[in-house]
There are 2 protein chains.
Amino acid sequence: MVKQALVVLGQSRNSGLSSFEAGPDRDMIRVGLRGTRHLCNFLHIFHFYPFTVVHQLHINLNTTIASTTLISSPCNHKARSSPGNWNSIAETLSTFTTTVMENSGDHQEMVVPPVEGVAGGGTAYGWSDTGVNDPRPLRGAIDPTKVPSLELLNVWCMPNTANVGPQDMPRELESISLLAARNERESIQIAISPKVSWGGSGIAGTVQVQCTDLCSPCGARFVTTHVLSFVHTYLGYDVKLLILFMVKLLMILVGCRLAIGQSLTLRRVVPVLGIPDALVPLDMPVCQLNLFPGETTVIWVSIDVPIEQTPGQYEGEIIISASKAEAESTNQSLSKLEKHQLYRELRDCLDTVEPLEGKPLEEVVERVKSATSSLRRVLLSPLFSDFFSDNGPIDMMEEDAISSLSIRLKISLTVWDFVLPATPSVPAVIGISDTVIEDRFGVEHGSNEWFELLDQHFKWLLQYRISPYFCRWGNGMRVLTYTSPWPADHPKSDEYFSDPRLAAYAVPNGPIVPCGDTAKDYLRREVEILRTKNHWRKAYFYLWDEPLNIEQYTSLRRMASDIHAYAPDARILTTYYCGPSDAPLSTNNFEAFLKVPAFLRPHTQIYCTSEWVIGNREDLAKDIIAEIQTENGEEWWTYVCLGPGDPHPNWHLGMRGTQHRAVMWRVWKEGGTGFLYWGANCYEKATVPSAEIKFRRGLPPGDGVLFYPGQVFSSSQQPVASLRLERLLSGLQDIEYLKLYASRYGRDESLNLLEKTGMYLGPERYTLEHRPIDVMRGEVYRTCQS
Amino acid sequence: MVKQALVVLGQSRNSGLSSFEAGPDRDMIRVGLRGTRHLCNFLHIFHFYPFTVVHQLHINLNTTIASTTLISSPCNHKARSSPGNWNSIAETLSTFTTTVMENSGDHQEMVVPPVEGVAGGGTAYGWSDTGVNDPRPLRGAIDPTKVPSLELLNVWCMPNTANVGPQDMPRELESISLLAARNERESIQIAISPKVSWGGSGIAGTVQVQCTDLCSPCGARFVTTHVLSFVHTYLGYDVKLLILFMVKLLMILVGCRLAIGQSLTLRRVVPVLGIPDALVPLDMPVCQLNLFPGETTVIWVSIDVPIEQTPGQYEGEIIISASKAEAESTNQSLSKLEKHQLYRELRDCLDTVEPLEGKPLEEVVERVKSATSSLRRVLLSPLFSDFFSDNGPIDMMEEDAISSLSIRLKISLTVWDFVLPATPSVPAVIGISDTVIEDRFGVEHGSNEWFELLDQHFKWLLQYRISPYFCRWGNGMRVLTYTSPWPADHPKSDEYFSDPRLAAYAVPNGPIVPCGDTAKDYLRREVEILRTKNHWRKAYFYLWDEPLNIEQYTSLRRMASDIHAYAPDARILTTYYCGPSDAPLSTNNFEAFLKVPAFLRPHTQIYCTSEWVIGNREDLAKDIIAEIQTENGEEWWTYVCLGPGDPHPNWHLGMRGTQHRAVMWRVWKEGGTGFLYWGANCYEKATVPSAEIKFRRGLPPGDGVLFYPGQVFSSSQQPVASLRLERLLSGLQDIEYLKLYASRYGRDESLNLLEKTGMYLGPERYTLEHRPIDVMRGEVYRTCQS
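Residues numbered from 1 in each chain as written. Chains lettered and ligands numbered in written order. Predicted model: local features only at pLDDT ≥ 70, side-chain atom pairs only at ≥ 80, totals over all residues. Heavy atoms only, no water.

A. Representation of the overall build of chain A. Secondary structure summary: chain A contains 22 helices and 29 strands in total. Residues counted as buried form 62% of the 786 residues belonging to chain A. Contacts spanning at least 24 positions in sequence make up 75% of the contacts within chain A whose residues lie at least 6 apart. Within the structure as shown, chain A displays about 29,200 Å² of accessible surface, and the carbon and sulfur contribution to it stands at 53%. (Helix = DSSP H or I, 4+ residues; strand = E, 2+ residues; numbered from the N terminus. Buried < 20%, exposed > 50% of the residue type's maximum accessible area, 1.4 Å probe, protein only. Contact = heavy atoms within 4.5 Å. Areas by Shrake-Rupley, 256 points an atom, 1.4 Å probe, with all protein chains shown as cover.)

B. How the structure looks around the environment of Asn534(B). Residue and element names in this part refer to chain B. Position of Asn534 among the secondary structure elements: in the loop between α13 (519-531) and β21 (539-545). On the basis of relative accessible area, Asn534 is assigned to the exposed category, the value being 66%. Along the sequence, Asn534 and Phe497 sit 37 residues apart, while their C-alpha atoms lie 9.4 Å from each other.

C. Spatial organisation of the pattern of salt bridges. All names here are of chain A. The tally for this structure, following the rule as stated, stands at 66 salt bridges over all chains. For Glu726, the salt bridge goes to Arg267, with nearest N and O atoms at 2.8 Å. With Glu726 in helix α20 (residues 723-745) and Arg267 in strand β11 (residues 264-272), this pair connects stretches of sequence that are 459 residues apart. Accessibility classification places Glu726 together with Arg267 in one group, the buried group. (Salt bridge = Lys/Arg side-chain N within 4 Å of Asp/Glu carboxyl O.)

D. Expanded view of the sheet that holds β21(B). All names here are of chain B. Pairing within the open sheet is mixed, and its nine strands lie in the order β19-β18-β17-β25-β24-β23-β22-β21-β20. Where the open sheet ends on each side, the last strands, each with one partner, are β19 (479-482) and β20 (505-506). Both β20 and β21 contribute to a ladder of two bridges, which runs parallel. Its bridge partner being in β21, Ala506 is matched across the sheet by Tyr540. Across the sheet, helix α11 (residues 448-462) touches β17 (428-433), β18 (467-473) and β19, and the angle it forms with β18 is around 135°. (Pairing = 2+ DSSP bridges. Axes fitted to C-alpha atoms, helices over the stretch in contact; angles between N-to-C directions.)

E. Spatial organisation of the pairing of strand β8 (residues 205-211) of chain A. Residues and elements named next belong to chain A. Most of β8 is tucked away, with seven of its seven residues classed as buried. Side chains Gly205, Val207, Val209 and Cys211 project from β8 onto one buried face, and the interleaved Thr206, Gln208 and Gln210 project onto a second face that is buried too. Relative to strand β15 (residues 312-323), β8 runs antiparallel, the two being bridged by six bridges. Looking at β15, one finds that Thr206 is bridged to Ser323.

F. Fine view of the UniProt feature "domain: Glycoside hydrolase 123 catalytic" (unreviewed entry) in chain A. Sequence positions flagged by UniProt for "domain: Glycoside hydrolase 123 catalytic" (unreviewed entry) are, in local numbering, residues 520-740 of chain A. Helix makes up 38% of residues 520-740 of chain A and strand 14%, with an end-to-end C-alpha separation of 43 Å. (UniProt positions renumbered as here; feature names shortened; annotations may be inferred.)

G. Region of interest: the sheet that holds strand β21 (residues 539-545) of chain A. Spatially, β19-β18-β17-β25-β24-β23-β22-β21-β20 (chain A) is the arrangement adopted by the nine strands of the open sheet, whose pairing is mixed. For this open sheet the edge positions go to β19 (479-482) and β20 (505-506) of chain A, each flanked by a neighbour on one side alone.

H. The arrangement of unusual backbone geometry in detail. All names here are of chain A. A cis amide bond links Gly643 to the next residue, Pro644, at an omega of 0°. Although it is not a glycine, Leu273 adopts a positive phi angle of roughly 55°. Within the secondary structure layout, Leu273 lies in the loop between β11 and β12 (275-281).

I. Structural context of the packing of aromatic side chains. Residues and elements named next belong to chain A. The final tally for this structure, using the stated rule, is 51 aromatic pairs over all chains. Ring geometry for Phe451 versus Trp486: centroids 5.1 Å apart, planes at 25°, classification stacked. With Phe451 in helix α11 (residues 448-462) and Trp486 in the loop between β19 and α12 (491-498), the pair connects residues that are 35 residues apart, well separated along the chain. By the burial criterion, Phe451 is buried, and Trp486 matches it. Between the aromatic rings of Tyr708 and Phe713, the centroid separation amounts to 5.9 Å while the plane-to-plane angle is 75°, which identifies the pairing as edge-to-face. (Phe/Tyr/Trp six-rings, centres within 6.5 Å; stacked < 30°, edge-to-face > 60°.)

J. Inspection of the environment of Gly446(B) at higher detail. Residues and elements named next belong to chain B. With respect to the helices and strands, Gly446 occurs in the loop between α10 (434-441) and α11. Look at Gly446 and you get partly exposed, because its relative accessible area is 24%. Between the alpha carbons of Gly446 and Ile624 there is a distance of 41 Å; along the sequence they are 178 residues apart. Once residues within four sequence positions are removed from consideration, Gly446 is found in contact with Phe451 and Val513.

K. Representation of the side chain of Asn160(A). Residues and elements named next belong to chain A. With respect to the helices and strands, Asn160 occurs in the loop between β5 (153-159) and β6 (176-182). Classification of Asn160 by relative accessible area gives buried; the value is 3%. From its side chain, Asn160 meets the backbone oxygen of Ser187 in a polar contact 2.9 Å long. With sequence-adjacent residues up to four places away left out, Asn160 is seen in contact with Glu186, Ser187, Gln189, Trp300, Arg661, Arg727 and His770. (Polar contact = N/O pair within 3.5 Å; in protein donor to acceptor, adjacent residues only side chain to side chain.)

L. Seen up close, the environment of Tyr639(B). All names here are of chain B. For Tyr639, the position within the fold is in strand β24 (residues 635-640). Through-space distance from the C-alpha of Tyr639 to that of Glu551 is 23 Å; in sequence the pair is 88 residues apart. At a separation of 2.5 Å, a polar atom in the side chain of Tyr639 contacts the side chain of Glu546.

M. Structural detail: helix α22 (residues 771-784) of chain A. Residue and element names in this part refer to chain A. In this model α22 runs 20 Å from its N-terminal to its C-terminal C-alpha over 14 residues, within 8% of the 20 Å that 1.5 Å per residue would give. Those residues of α22 that sit buried are Pro772, Ile773, Met776, Arg777, Glu779, Val780, Thr783 and Cys784. End-on view of α22: buried residues confined to an arc of 155°, all on one side of the axis. Exposed side chains of α22 directed beyond 90 degrees from the buried face belong to Arg771 and Arg782. (Expected span 1.5 Å × (residues − 1). Arc of directions from axis to C-beta.)

N. Representation of the state of the cysteines in the model. Within this structure, the stated rule accounts for zero disulfides over all chains. The closest cysteine sulfur to the non-disulfide-bonded Cys157(A) is located on Cys211(A), 13 Å from its own sulfur. Note on Cys641(B): no disulfide assigned, nearest cysteine sulfur contributed by Cys608(B) at a separation of 10 Å. (Disulfide = S-S within 2.5 Å.)

O. Seen up close, the packing of helix α19 (residues 657-670) of chain B against helix α20 (residues 723-745) of chain B. Residues and elements named next belong to chain B. Where α19 meets α20, the axes come as close as 8 Å, and the angle between the chain directions of the two elements is 40°. α19 and α20 meet at a crossing whose hand is right-handed. In contact with Gly657, His660, Arg661, Met664, Trp665 and Trp668 of α19, α20 contributes Arg724, Arg727, Leu728, Ser730, Gly731, Leu732, Asp734, Ile735, Leu738, Lys739 and Ala742. Here the contact of α19 with α20 is composed, by residue class, of eight nonpolar, four polar and five charged. (Left-handed = near helix turned anticlockwise from the far one by under 90°. Nonpolar A, V, L, I, M, F, W, Y, C, P; charged D, E, K, R; others polar.)

P. Main features of α19(B). With 14 residues, α19(B) extends 20 Å from end C-alpha to end C-alpha; this agrees with the ideal 20 Å at 1.5 Å per step. Along α19(B), the sharpest kink reaches roughly 35°, centred on Val663(B). (Bend = angle between axes of the 7 residues up to and from the residue.)

Q. Spotlight on the pairing of β19(B). With four bridges connecting them, β18(B) and β19(B) associate as antiparallel partners. Within the sheet, the bridge partner assigned to Arg472(B) lies in β19(B) and is Leu480(B).

R. Representation of the packing of α20(A) against α22(A) in the model. Residues and elements named next belong to chain A. Look at α20 against α22: their axes get within 10 Å of each other, and the N-to-C directions meet at 40°. Compared by their axis directions, α20 and α22 come out oblique. Of the two possible hands of crossing, α20 and α22 adopt the one that is left-handed. Contacts from Asp734, Tyr737, Leu738, Leu740, Tyr741, Arg744 and Tyr745 in α20 reach Met776, Arg777, Val780, Thr783 and Cys784 in α22. Its residues assigned to classes, the contact of α20 with α22 comprises eight nonpolar, one polar and three charged. (Parallel < 35°, antiparallel > 145°, perpendicular 65-115°, else oblique.)

This is the structure in structure tokens:
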């Protein structure tokens, strides 16, 4: 009786519509009802109307769908459907709809709301809304300073592997509970969308976001309270402020507090090509955000647990308050100049008192005196005159401009007694194109500004457990790579190479900046210096990118010979995905690929192969490893770039969050001992730092780009990280968890843990949801805690 | 040799990537290269890599695609793919890829850029950019007041049927050339995206958009120039300003100028659920917009040609200038109060001098004197002190704050000598839910505020060639409809019903606001009054929405009888899509549907049927018409609501622009004499005017919503139109063009015109592009001009 099939592109914030998606298990399609938990607004309802029962079937369809399984964001549907999927989608759909038709009488007992407008009439009006809305209705004009913010805003949390875009739908607000090791970064997302508009022209409204430090209730908090009550009662006003500040400072020094702006950072998630990716820093500890009608704004909260942090429970709050837009021009937003001055003065205070250990008592007293006098000056400056209100200093310091109407989002953090090693267990070497820096920032190769910019890039990327190398491409795929732009005898090179966070560094086989020496002389001198150093074990030479024919392989061999002549123990890294095309090593492509180590030996020590070669056949990894002579110091590393594509793990824009993070899970499972990525800043050419970001022609978006120039998004010079870079870091941290677990229970058990949590089973079988990651981490915490 | 298939979700602003789409001709898929003309950023590249020739094939693929046909925005791809299409997409894709594979050797002569990063290396860097970028490279920090705006911005134009979203890609900037009749609205879109960021925190930058009046070069412009040169030379400063203003005023009165803010309006296109839909008014004649990194901002420019406008050529400019964000706080943005005061004063001046025709000379002189003295006061007020610069009054008035660096976009408009009838030829009656107004604006039924709000809604919608009716739903699908909330003898009712723009009005069959009368008494009195009026021919009674069973049909008959007892010539309108389900009129559903007129007669005069019933079988329309006794004054009207769905014409969000507009083309082709739509404001319940817009559960987004409360987007009380409402208006205007053509050449020729231009051939065969619409209009202009 199916007379006509309609597909309606639907949306509903609080209603039971359905969505579908093809998962990486390609022959499956899941269709589901969304209740209060919505992941996306584009819901597809499949209405199959028998001609005369349009109303009934419409209703039945909705209720029937309710009984099937729920999945996740069809926003990424386009990104994730490969043509191979379509046939199966279409097939499964017809199976699905048949089932719906057959089951359509099953749920008659459910009360279904009449819907005004279905076929032109009726009324759903007043039908109770079971969503996340507050029951108290607002009326009339809205003054955000007089209404609980929860009536004006939807606020909800999402894990860091979720891609939360402007069209994402609100969920229930739940408090945040996190686990992190020392020297680990853990992140969470907070999404905000307006329920009403109160902001006037063009925006829905302004919100103020503030976060407190995270405090351990262990004792410091207790002390603070008592000190404060004393202070409050007996001491004069400015002295109170002063002591309060000193207590804060003390707690940070003592390790009972994770301070905002140092350990805690807030960034706004900005879509790139419509996909959430750029993380633009927000002012701390208070910032203002404009919300737009119908749009979800997302804040990325990161906690960096210092290596010396005391393990234990920490608690803090993120406080979100709807505010009047006018507040922007009042004391809340200081001018850039004022802000910078304030920052400098406070930093100077801190520098004065820190570090104190090992210093004689007299000096400590002197220093604290000096710092407090600076602080008094700052705190009594006109800048803070607005805060001299009746509420007393506690409220002021802790919660300036926050009222009882604010939304308070509790953050609870467990810091456990495991220290992520300063040096990453698996080196992740990642390229930074010096050419891009030269063009975009308009600096001349070798100039002072050039060195400064390279230094900035190096230091910034080093935060991400990455070992950067600079690179420029020559003829064919010859590549000049170097981790330090300075010669080996320059103090900066030693500083770079000795940094414990750097796991590997590239040594150039010639001068970077022209000097008197020939390439050979330069190389010999560099190697002579470096071989004497402790960090020489981190050194590698990356000379050619993917040699393709005999000529290229021969060049590579010659270059490697020259290096080995000066340093027989030098490690040559070579990337490849096939043997020489003009003299096949075998009639079978994969066989030829497998024979490359034998063909290149001894001119390469680090055999770095494309993950794309393996495809979904993990067993091939064993064949590759079998060819590597680890007993002779040879290593197997891998890389991703243009390929592999979806559904395999990679860092392309538009892939899933877990797919980004799984790049490193894959490395752990396959057993590679290092990883290479060709570029972190390889956008299309531009000659202005703030030029719009274009991805390079022929490359999938995001490929070769892991961060953006800060100038594109604000007046800041600091690079802006991508979500994908954060997930790379998370993946590297996951490896440390797995390594800890393996150190206790063996490598096989660590793979077993990946499998039983459902986190990672293979390049096409890994979790799409966040939960298994937390389960894995929780299990490592539980079993390795003591 | 195809070893692995990759689908890469790609993007590239100026590169040769490809996209695909399934058109309404379902067995077709078009794949193409985008060169300088980009419609969307989500481009899908299909890389089929034979294992060993990854580089070569990648390149060949790109060049091969270059030779196939180009299409349009895959942004809407998701919206437009119905499951039925997927099979054919998958099929066609495999055909396509086979072709690509076969042709991959064909274009070896083309020089292909090496791509840095393909498989990890290479360098495309410095490869010349053939896109829309300015050749002069910017360097260093950017001061927008010192750089040509074209170096900072992409600006391009799009037709009104395009859905241009935040992710749309720049095109070439072309000047605008429009055709419009008198009493017609014609619209165009201007898209702007930043090439660089210069705005500081969170935004890419601020642009100022200003437009000039459109002037006919016929003579007024000539006069102005000469008068001005005289004025400039001989007269004092304030007198110059004054005369200049009077000349402007004169030109408007004389009909040689289309004035900004009156005939010319600018609105910002704001996405709803990520799809461009809401049109939020911009300040006139100058406004400032914030651009965001990587986002396209769209301005909707509408020109309303007054009924008395002199035909001819009009020219004007839209001037776009990148500006410093600080400008917002200077004189450019007046306070609301200042603005309102200024507006009132200027309006008073205009009211004083207008209308002058038929007035004795003395009075005219008196009036002009009075107006000029008001004007002098205004122009010399401190508000304009900034304008008292050295540039002289001409520049000030015409182009304040515009420099030679601005982007000047020429608009040329041909107003032709055809007047769209004040009363639409095909009545489009559209519902406004009074319940929604009561809840959302917190007004009590029947209160003064209630009457005011209904009045506002009525007048606002009337601008769209729509005949509004208010409605509320009762038990079953009984519906109370009324065009005027006042009784028939109230002056407002007469004002409403006599308005020439109103083509039809609904008469309630009982009191709207409780009064002493019984429903019957009230009805009789109303009818008695209305029957004496000239506008009685516009009256109709809409009593029941889609009766489904005998009981409902019987109720409807009884109600109709009561009305006909008082007024035998009263027109009853009934919507339906089937016969009574409990007493089938035939064993065949469509047969039963066809028999409804015979079954209902004489209790219905306007048989209003769902377009969904017809599906894609237009021939059924003839069967329906055959059942209607037009000789007895019976009419056939149609409606759309939940159905029909894609690809048929309807007003759902996410459908194509031409699909929205085609609703009315369909009416013309099928021969209906009226059209009904159930709701223009039927969003989900809310109790605050500025509450976020939610579409009702179970309905496709946009269904029942043609405009939004202004408060959601700004502090304005005025409703905010949807793009879909504008397209509805355009469709109604198209009907007038077609009717004019039919009046000269016959109805069949008008259908022939639709067919030969490719504009509309049937509910699944209409243009997806804008051009055929312009061709149709141009043809009517050419052939009916004299």
